[in-house]
Amino acid sequence: MGIDRVEVDDVMTAARSLLDGIRQGASEDPEALNLIASALLAAADTGDGDLDLAVELLERSLTLTGPDHLDRPARVGNLASVLIDRFERGLGSRDDLVRAVELARGAVEDLDEADPRQLLALNVLTNGLKASWQYLGGEESLHEALDHLPLLAAHVRVAGPWAHTFAENAALLAFDGARTFRDDQSDGLLAFAIELQGESIAGVNPRSYTWATRRGALGGMLAERYHRSTQVDDLEAALDAASDGVTGARAVPHEWAIHAMTLGNLLHQQFLRSGRVSLLDDSARLHRQALDALVEDAPGTAAFLNNVSIVAHDRYARFGRLEDLRQAVESIERAVAASPYEGRDQCARYSNAASTLLDLYRARGGTTNLDRAADLARRGVEIGDRVGAVDTTRVCLGTLSDILQARATTSKATEPTGASTALESLRFLWAARSDDLLSGEGAVLAQRLIRRARLPTGVAGDVDRLELLTRAVRYARTQRPAVVLAAAREALGVVLEGRLGGNAAVSRLERGSAQPSASLVDDLADAAFEAMAELVEMNADWDGSLSWLRDARGTGALVAQLRLMDGDPAGAVSAFESGHALLLARVGLAEITRTQPGRASDAATFDSAMRTKSVDREHLLYVWATAQTGGTVLTASGTPKSWGVVPALGSAAVEAMRALLARASHEGSAAVDDAVEEVGTWLGQVLPPHEDVLRSERPSGPDSESELRLAICAGGVLASLPWAAARFPSDGALLDDHVVLSGSPTGSVSRRCAVIAARWLSGEFTRDADVLSLAAPAPSRLRELEHAASEGLAFAGPGGLVSGAEATCDLARVAQREVRVLHVACHGLTVASNPLENHLVLAHDERWYAHDIITRDRSPRLVVLSACETATVEGLHADEGLGLASAFLAAGTPGVVASLWSVGDAAAARFVGEAAPGLRDPKQDPAVVLRRSRAAQRAAGVGGSGWAAFTMVGR
């Protein structure tokens, strides 16, 4: 492996001959000068080249090349490339990099996008911009480079035999964007980078030097994927790739150093995962060798020093040896000194330096170390603010809080006084803060208290945990609503755990809260729902981050469970509704969250707020789960009729039922039949408190319109289970045989849907087109749906079917506005991290996202989604119940037929085809039609795989 010395020597011999001829008076040939410079650049990788002479020759070549010469863009690119290379090797100045970017930018602007020569110029420009961002600071350079990525990638696809070379550069650019900007596009950029890097590796000779360096770069990309997935397979793949880079790239010291640093970081991660000390030793050795391989003051030295410090700091934490801590301090101080340009990395290094000095203070004392640590942490926060490094700034803030609390402790202050001192010292840092950072001194301390409270303490520590969390709520109340939400949720969980565990101390603390007229649950519920309302305002356009929903997850269910345990079912229902703040705001019912935090005394206000019209005979069955237990309330006309605590309804059991169905859906119809039976029996545990009401009127047949209607308002993942399969434990009778079933995220949404459906039935709402089916969109890289087109034909007829290449997103958007009934038969995909990224895959693999659907101002009377998992929601955003079905509800559609798991397209076509005539009929109730179809299939001997997957959401 390595660079072929014979080839380099031959090239250098030829280059020297040409150079001697020019020096002896021969005419100067620009092309010859380019060849000599290229040879010098290639030889530089072996230590024999002369980059200064290469720059001189290329400058001369460019002078001899006219402005309209066909080769001028290539020669400009060559000069810019050598200038970048000279800078990155530590042999030039920042002026080299600035000039290289200017030259390449001009070459790109001078060439048309259709000109294949633009690829060379784009390649050099993006490399220069990346280097400028990395070494000179300022993310605008990386933003500019990423703006060129689509065009660069398009050129690469048609670049011919050299495509693999340019593919690597495009991959590295995408990778830098993915790891720097953690936004909605980040995961996609990382996947694109890994894909392109794989193509670049496939285009070269295995085990060659180039293969090794590209494998090493792939190791860095896979390492980033591991940091996101934490899957051991990703870590092992990254280790293999990085090892190839270290083994095969020794011929070029500065490139080898980068691969060694990557491998050292991965070994460190493996140590953190396994605890094997030998891995930590290997990591430390590689980081030191990588640092030694660099020339003095080379660009990027700070990153290598930072890694040496991190590993040394971990060795100190493991073994307590002061020499390791001193090495960590020395290395990080040098890293900070070598980071003259502001950026995210500099913010992280300041935080690392502050944390290391804090440990040195704890080990050796000395207020100088503490003062220096505080100064570095403050500067890190200020830099992070300026460059928008949100996550790193939060780490800095936490470190600064620790430092200032340590400083307060030195004065023998008590912890509360020390905390106050810390907050007073921090006050100036957040006076003008209004972005997504921790926006207030109280929020900083609150987050630290939440972190402490989450440490495992057992029942004996519940009181301390609760005190920490309630203090966190108070500190953050007016500063950072997401922190309030997180602290309140944690505190409510501690209260529930204490009650279930019979912890008398927690009960006394709960009842001894500040205001005699209110319990601690009241205080926490007030704070949580007030924070939710504020966060909803921040996300009113639906384009903002939904990460706060993770903090909100389960808050409404926790309050509901505690209310129910207090014998307050009306308050429980109110709390359940309030937990859906984002969805309620979107459908115009935000006042529910604003006006009442889930108390029985507010039942009348709640009922008035969520009801816009009486809906005769509709009952609402509320069901929720917490980590330990669950609850249920049945209401009629807003009044609780029956209720009960369901001990078996813990969130782990709910997830197990959903996982059972998901596994079965990939194992065949027989497995799904069995799973539906098991899940239906398990769901039956919810029914006993309500059996008398639900079975008080025997059904007169599946076509009866006078039967009791039941809307299941199931919290979170519970909404993804087949409630039509639920069986009464007393005799095994199906719930579906006794009521007309539908589902809804909340009762208020269900009643809103009923009102809209009634207005459609009265003729108040009309559309220009009646029924449209978008079925079997193509072309697509996904599996062909063989029966989708026939299903669409059966649903909409020849005049209403659009399939193949015409079934586009643009047509879907028009159809959402213009048709009465929209049927879609295609692939559907769920994105766990962000429910508004759930989407339907249409022609040319275009994606019709939930966030697109939800923002439309008109929507059909009925939408039938014959695609996988379109009714499911994910646990990360459990309370909201967001997804494709609720996106249509929020857009104004009163009823959506959707699926609960991956359904085979043959089974889907059979079920939807049978229900199609009734679903098309504007005078028929879709919930009754679905119930009739389920009953018909059961009567024909079809198992749950054939009838239980499709559910009615809304009315």
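Residues numbered from 1 in each chain as written. Predicted model: local features only at pLDDT ≥ 70, side-chain atom pairs only at ≥ 80, totals over all residues. Heavy atoms only, no water.

### Quick word on the overall build of the protein
Scanning the protein for helices and strands turns up 42 helices and 14 strands. Classification of the 955 residues of the protein by burial places 58% in the buried group. Across the protein, the fraction of contacts at a sequence separation of at least 24, relative to all contacts at a separation of at least 6, is 71%. Accessible surface computed for the protein: about 38,100 Å², of which carbon and sulfur atoms make up 50%. (Helix = DSSP H or I, 4+ residues; strand = E, 2+ residues; numbered from the N terminus. Buried < 20%, exposed > 50% of the residue type's maximum accessible area, 1.4 Å probe, protein only. Contact = heavy atoms within 4.5 Å. Areas by Shrake-Rupley, 256 points an atom, 1.4 Å probe, with all protein chains shown as cover.)

### What about the side chain of Ser933?
With respect to the secondary-structure elements, Ser933 resides in helix H41 (residues 926-939). According to the relative accessible area criterion, Ser933 is buried, its value standing at 5%. The contacts of Ser933, once residues within four sequence positions are left out, are Phe911, Glu914 and Ala915.

### Quick word on the packing of aromatic side chains
Tallying each qualifying case throughout the model produces five aromatic pairs. The interplanar angle of 40° and the centroid separation of 6.2 Å between the aromatic rings of Phe576 and Trp624 together place this pair among those described as tilted. Of this pair, Phe576 sits in helix H28 (residues 569-578) while Trp624 sits in strand E1 (residues 618-625), placing them 48 residues apart in sequence. Comparing Phe576 with Trp624 shows no difference in burial state: the two are buried. Pairing Trp760 with Phe765 gives two aromatic rings, centres 5.8 Å apart and planes at 75°, and the pair type is edge-to-face. These aromatic residues form a ring-pair network of at least three members: Phe576, Tyr622 and Trp624. In this arrangement the basic side chain of Arg695 is found over the ring face of Phe728, its NZ or CZ atom lying 4.7 Å from the centre. Positioned above the aromatic ring of Trp947, the side-chain terminus of Arg938 is 4.7 Å from the ring centre. (Phe/Tyr/Trp six-rings, centres within 6.5 Å; stacked < 30°, edge-to-face > 60°. Lys NZ or Arg CZ within 6 Å of the ring centre and 35° of its normal.)

### Some words on the packing of helix H7 (residues 140-147) against helix H9 (residues 163-180)
The angle between the axes and the distance between the axes are what describe a pair of packed helices. Their axes nearest at 10 Å, the elements H7 and H9 cross at an angle of 130°. Taken together, H7 and H9 sit at an angle that is classed as oblique. When you trace H7 past H9, the crossing you get is left-handed. Here H7 contributes Leu142, Ala145 and Leu146 to the contact with H9, which in turn contributes Leu173, Asp176, Gly177 and Thr180. Per-class residue counts for the contact of H7 with H9 are four nonpolar, two polar and one charged. (Axes fitted to C-alpha atoms, helices over the stretch in contact; angles between N-to-C directions. Parallel < 35°, antiparallel > 145°, perpendicular 65-115°, else oblique. Left-handed = near helix turned anticlockwise from the far one by under 90°. Nonpolar A, V, L, I, M, F, W, Y, C, P; charged D, E, K, R; others polar.)

### Comments concerning the pairing of strand E4 (residues 709-714)
Taken across its six residues, E4 has six buried, putting it largely inside the fold. With burial as the criterion, each face of E4 is covered, one bearing Arg709, Ala711 and Cys713 and the other bearing Leu710, Ile712 and Ala714. Where E1 and E4 come together, six bridges link them in parallel fashion. In the strand pairing of E4, Leu620 is matched with Ala711. (Pairing = 2+ DSSP bridges.)

### Re the environment of Trp947
Positionally, Trp947 belongs in helix H42 (residues 944-947). Between the C-alpha atom of Trp947 and that of Leu930, which follows or precedes it by 17 residues, the distance is 9.1 Å. Setting aside anything within four residues of it in sequence, one finds Trp947 in contact with Ala724, Ala725, Leu734, Phe911, Arg934, Gln937, Arg938 and Val942. At 3.3 Å, the side chain of Trp947 forms a polar contact with the backbone oxygen of Gly943. (Polar contact = N/O pair within 3.5 Å; in protein donor to acceptor, adjacent residues only side chain to side chain.)

### Side note on a nonpolar patch on the surface
A surface patch of nonpolar side chains, about 230 Å² in accessible area, is lined by Leu500, Met565 and Val645. Considering the arrangement of structural elements, one finds Leu500 in helix H23 (residues 481-500). Residue Leu500 is classed as partly exposed on the basis of its relative accessible area, which comes to 43%. (Patch = residues over 30% accessible without salt bridge, like charges linked within 9 Å, V, L, I, M, F, W, Y side chains within 5 Å. Salt bridge = Lys/Arg side-chain N within 4 Å of Asp/Glu carboxyl O.)

### What about the pattern of salt bridges?
Within the structure shown, the criterion is met by 39 salt bridges. Between Asp234 and Arg225 there is a salt bridge, with its nearest N and O atoms 3.2 Å apart. A relative accessible area of 13% places Asp234 in the buried class. Across the salt bridge formed by Asp282 and Arg285, the nearest N and O atoms sit 3.7 Å from each other. Pair noted here: Asp282 and Arg285 are both in helix H14 (residues 277-293), with a separation of three residues, about one helical turn. Among the ionic contacts, a cluster of salt bridges with common partners joins Asp281, Arg315, Arg321, Glu323 and Asp324.

### Re unusual backbone geometry
Residues apart from glycine generally show negative phi values, whereas peptide bonds are mostly found in trans. With an omega of -5°, the peptide bond running from Ala778 to Pro779 counts as cis. When you line up the elements, Pro779 lands in the loop between strand E6 (769-777) and helix H36 (788-796). With a phi close to 55°, Ser637 is a non-glycine residue in the positive phi region. Positionally, Ser637 belongs in the loop between strand E2 (630-636) and strand E3 (639-646). Under the relative-accessibility criterion, Ser637 is labelled partly exposed at 45%. Phi is positive for His844, close to 60°, though the residue is something other than glycine. The partly exposed category is assigned to His844, whose relative accessible area is 46%.

### Things to note about the confidence of the model for the protein
In the predicted model, the protein carries a mean pLDDT of 79, and the fraction of residues at 70 or more is 77%. Residue range residues 1-6 is modelled with pLDDT below 50. Its contacts to residues more than four positions away, or to other chains, number 14 contacts. Low pLDDT, under 50, characterises residues 591-616; the predicted model gives this stretch 62 contacts beyond four residues in sequence or across chains. (pLDDT = per-residue confidence, 0-100.)

### Considering the nonpolar core
Within the largest apolar cluster, 118 residues are counted, with the highest numbers of intra-cluster contacts made by Leu79, Leu149, Leu263, Leu266, Phe304, Leu376 and Ile403. Per element, the largest residue contribution to this core is ten residues, and it comes from helix H6 (residues 118-136). Mapping this core onto the domain boundaries places at least three of its residues in each of domain 1 (1-58) and domain 2 (65-173). Those residues within four positions of Ile403 in sequence are excluded, and the remaining contacts are Ala354, Leu358, Leu370, Ala373, Ala374 and Ala377. If you look at the next biggest cluster of nonpolar residues, it comprises 73 residues, including Cys809, Ala815, Leu884 and Val896. (Core = buried A, V, L, I, M, F, W, Y, C linked by side-chain atoms within 4.5 Å. Domains from an automatic or database assignment.)

### A word on helix H5 (residues 94-110)
Its 17 residues place the ends of H5 25 Å apart at the C-alpha level, agreeing with the 24 Å of an ideal helix rising 1.5 Å per residue. Among all positions of H5, only Asp96, Leu97, Ala100, Val101, Leu103, Ala104, Ala107 and Val108 are buried. Taken end-on, H5 shows its buried residues confined to a sector of 165°, consistent with a single buried face. Away from its buried face by more than 90 degrees, H5 exposes Asp95, Glu102, Glu109 and Asp110. (Expected span 1.5 Å × (residues − 1). Arc of directions from axis to C-beta.)

### Notes on empty space enclosed by the protein
Summed over all chains, the structure comprises three cavities of 30 Å³ or more. By volume, the second largest cavity is sized at about 120 Å³. Lining the second largest cavity are 16 residues, with Ser866, Ala867, Val903, Asp905 and Ala908 positioned closest to its centre. Secondary structure elements with two or more residues in the lining of the second largest cavity: H36 and helix H40 (905-920). Class assignment for the residues of the lining of the second largest cavity results in ten nonpolar, three polar and three charged. (1 Å grid on protein atoms, 1.4 Å probe; cavity = no way out; pocket = protein on both sides within 12 Å on 5 of 7 lines; lining within 4 Å. Points joined across faces, edges and corners; volume = space filled by probe spheres on them.)

### Regarding the sheet that holds strand E10 (residues 839-841)
Taken together, three strands build an open sheet; the order of strands is E9-E10-E11 and the sheet is antiparallel. Each edge of the sheet is formed by a strand with only one pairing partner; in this case those strands are strand E9 (827-829) and strand E11 (847-849). Direction aside, neighbouring strands of the sheet carry axes that sit 25° apart on average.

### Observations regarding the side chain of Glu224
Mapped onto the elements of the fold, Glu224 is located in helix H11 (residues 209-229). Of the residues examined, Glu224 reaches a relative accessible area of 9% and is grouped as buried.

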